[in-house]
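# Understanding the architecture of this molecule
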Amino acid sequence: MTQKAISLPFLFDESGAVAFSTDDKKIWQDRIVVVVMTALNERVMRPAFGTNVKKMVFENRASIGGMIEQEVTSAFSTWLKSLTLTGVKVTMDDSGEFTIIELDYKYGSSATTETMRIKTGIFSRSGDVILEVTNG
């Protein structure tokens, strides 16, 4: 059965209705981003939803990898139980301005490992940087 979910980022289709996605890979990637990048206490009715990853981008670069890995692992076991997290890698981009979180995961009993990257920052739909997450 094909899943159907509201497209993220939220937008409207050509007819003016809310846009939906039926691509399973995109739906799961959107769910991962929502869980990992939602700050704890950000949701009023579900304060335990999310992680502290946003706060961690300001931590000591030497310890950030292990801390983010622990947060992501905990979030997967709590909020993304249909997925199996097989790896978390935290690096800096070439400019040193963005933390990149690379996640490897499997869905259900699938033997295929999917990989996605989350780059810390706020981007427009075209991919232009709107707001960098910087320490300052």
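Residues numbered from 1 in each chain as written. Predicted model: local features only at pLDDT ≥ 70, side-chain atom pairs only at ≥ 80, totals over all residues. Heavy atoms only, no water.

### A word on the side chain of T38
Structurally, T38 can be placed in the loop between α1 (24-37) and α2 (53-56). Owing to a relative accessible area of 8%, T38 belongs among the buried residues under this scheme. At 2.4 Å, the side chain of T38 and the backbone oxygen of V34 are in polar contact. (Helix = DSSP H or I, 4+ residues; strand = E, 2+ residues; numbered from the N terminus. Buried < 20%, exposed > 50% of the residue type's maximum accessible area, 1.4 Å probe, protein only. Polar contact = N/O pair within 3.5 Å; in protein donor to acceptor, adjacent residues only side chain to side chain.)

### A word on the pattern of salt bridges
Once their charged atoms are close, side chains differing in charge can pair, the charge on each being opposite to the other. Taken as a whole, this structure holds two salt bridges when the rule is applied. Put simply, K25 and E114 hold a salt bridge, and the shortest N to O gap is 3.4 Å. Residue K25 is found in helix α1, and its partner E114 is found in strand β5 (residues 114-119); the two are separated by 89 residues along the sequence. The exposure class assigned to K25 is partly exposed, which follows from its relative accessible area of 41%. The exposure class assigned to E114 is partly exposed, which follows from its relative accessible area of 24%. Residue D30 is joined to K26 by a salt bridge in which the shortest nitrogen-to-oxygen separation is 2.8 Å. Here the residue D30 and the residue K26 both occupy positions in helix α1, the gap between them amounting to four residues, near one helical turn. Given a relative accessible area of 28%, K26 falls into the partly exposed group. (Salt bridge = Lys/Arg side-chain N within 4 Å of Asp/Glu carboxyl O.)

### Some details on the packing of aromatic side chains
Counting across every chain of the model gives three aromatic pairs. Consider the rings of F10 and F12, whose centres lie 5.4 Å apart with planes at 80 degrees: the pair is edge-to-face. Looking at F10, the relative accessible area reads 42%, which means it is partly exposed. Here F12 falls in the exposed class, since its relative accessible area comes to 52%. Ring plane angle 65 degrees and centroid distance 5.0 Å describe the contact between F49 and W79, whose orientation is recorded as edge-to-face. Within this pair, whereas F49 is found in the loop between α1 and α2, its partner W79 is found in helix α3 (residues 64-79), the two being separated by 30 residues in sequence. (Phe/Tyr/Trp six-rings, centres within 6.5 Å; stacked < 30°, edge-to-face > 60°.)

### A look at unusual backbone geometry
Located in the positive-phi region is N41, a residue other than glycine, with phi close to 70 degrees. Tracing the chain through its elements places N41 in the loop between α1 and α2. Assessed through its relative accessible area of 60%, N41 is described here as exposed.

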